[in-house]
Amino acid sequence: QLVESGGGLVQPGGSLRLSCAASGRTFSSYAMGWFRQAPGKEREFVGAITWRGITYYADSVKGRFTISRDNAKNTVYLQMSSLKPEDTAVYYCAARSSSYLHTLANEYHYWGQGTQVTVSS
């Protein structure tokens, strides 16, 4: 029901925009989150957005990543800029059946399959 796209290989300092398209239900009233998981590491919170557009980011991406949503298209975006090698991970979008965002993965009820982002020269 959640499908991420837009991942790929990018050089350090580059930009990439991920999309998360929802289907099967309307997520316009749900809080949406982005998480990532690097090899050998636990899944970590990247950022989240409420249905009203209020955002919150992890310190590691603050000022470089921006989350937005288009409720009419049932789609959430993650704009990533000034990418670093340590941003390399599989990125997942998730939906929480609540209007309040959360930073914990187990508070989200729906997950996409993930999209690989590799930052390397």
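Residues numbered from 1 in each chain as written. Predicted model: local features only at pLDDT ≥ 70, side-chain atom pairs only at ≥ 80, totals over all residues. Heavy atoms only, no water.

Novice: Just to check I follow, could you spell out the overall build of the protein for this structure?
Specialist: Across its full length, the protein holds zero helices and eleven strands. In sequence order, the secondary structure elements of the protein are arranged as β-β-β-β-β-β-β-β-β-β-β. Referenced to the eigenvectors of the C-alpha coordinate spread, the extents of the protein come out at roughly 40 × 25 × 25 Å. Among the 121 residues that make up the protein, the fraction classed as buried is 42%. Partitioning the contacts of the protein with sequence separation of at least 6, the portion at a separation of at least 24 is 59%. Surface summary for the protein: the accessible area is close to 6,200 Å², and the carbon and sulfur share equals 47%. Counting 12 positive and 8 negative side-chain charges, the protein places the centres of these two groups 6 Å from one another. (Helix = DSSP H or I, 4+ residues; strand = E, 2+ residues; numbered from the N terminus. Buried < 20%, exposed > 50% of the residue type's maximum accessible area, 1.4 Å probe, protein only. Contact = heavy atoms within 4.5 Å. Areas by Shrake-Rupley, 256 points an atom, 1.4 Å probe, with all protein chains shown as cover. Lys, Arg positive; Asp, Glu negative; His and termini not counted. Charge placed at Lys NZ, Arg CZ, Asp CG, Glu CD.)

Novice: Is there a simple way to think about the side chain of Ser 19 in this case?
Specialist: Residue position: Ser 19 is located in strand β3 (residues 16-22). Residue classification places Ser 19 among the buried residues on the basis of a relative accessible area of 16%. Setting aside its immediate chain neighbours within four residues, Ser 19 contacts Val 3, Glu 4, Ser 5, Trp 34, Thr 75, Val 76 and Tyr 77.

Novice: Honestly, the sheet that holds strand β8 (residues 75-80) in this entry has me stumped. Any pointers?
Specialist: Through backbone hydrogen bonds, the strands of a sheet pair up, either in parallel or in antiparallel fashion. The sheet built from four strands is open, its strands ordered β1-β3-β8-β7 with antiparallel pairing. The open sheet has two edge strands, β1 (2-5) and β7 (65-70), and neither has a second partner. The average angle at which neighbouring strand axes cross in this sheet is 15 degrees, direction not considered. Sheet topology note: the β3/β8 ladder contains six bridges and is antiparallel. Each residue of the ladder has a partner; that of Arg 17, found in β8, is Gln 79. (Pairing = 2+ DSSP bridges. Axes fitted to C-alpha atoms, helices over the stretch in contact; angles between N-to-C directions.)

Novice: Looking at this model, I keep getting lost on the pattern of salt bridges. Mind explaining?
Specialist: For the structure on display, the rule yields five salt bridges. Here Glu 44 ties to Arg 36 by a salt bridge, and the two come within 2.5 Å at their closest N and O atoms. Close ionic contact of Asp 59 with Lys 62 constitutes a salt bridge, the shortest N to O distance being 3.1 Å. Counted as one network, the salt bridges with shared partners bring together Arg 36, Glu 44, Arg 64 and Asp 87. (Salt bridge = Lys/Arg side-chain N within 4 Å of Asp/Glu carboxyl O.)

Novice: I keep staring at the nonpolar core and nothing clicks. Help me out?
Specialist: Among soluble globular proteins, nonpolar side chains are generally buried collectively. In terms of nonpolar packing, the biggest core is built from 33 residues, with Leu 2, Met 32, Trp 34, Phe 65, Leu 78, Met 80 and Tyr 91 touching the most fellow members. If you list the elements that add at least two residues to this core, you get β3, β4 (31-37), β5 (44-49), β7, β8, β9 (89-96) and β11 (115-119). Tallying contributions element by element places β9 first for this core, with five residues. (Core = buried A, V, L, I, M, F, W, Y, C linked by side-chain atoms within 4.5 Å.)

Novice: Would you mind showing me how to read the packing of aromatic side chains here?
Specialist: Under the defined criterion, the tally for this structure stands at nine aromatic pairs. For the pair Phe 35 and Phe 45, a centre-to-centre distance of 5.6 Å together with 75 degrees between the ring planes defines the contact as edge-to-face. Taken as a pair, Phe 35 in strand β4 and Phe 45 in strand β5 lie far apart in primary sequence, ten residues in all. A ring pair is formed by Phe 35 and Tyr 108, whose centres lie 5.2 Å apart and whose planes are at 75 degrees; its orientation type is edge-to-face. Of the two residues, Phe 35 sits in strand β4 while Tyr 108 sits in the loop between β9 and β10 (110-111), which places them 73 residues apart along the sequence. Tyr 108 matches Phe 35 in its accessibility class, with the two residues each being buried. Here the basic side chain of Arg 43 rests over the ring of Tyr 92, its NZ or CZ set 3.8 Å away from the ring centre. Over the face of the ring belonging to Trp 111 we find Arg 43, whose NZ or CZ atom lies 4.8 Å from the ring centre. (Phe/Tyr/Trp six-rings, centres within 6.5 Å; stacked < 30°, edge-to-face > 60°. Lys NZ or Arg CZ within 6 Å of the ring centre and 35° of its normal.)

Spatial relationships are all this shows, so hold off on functional conclusions.
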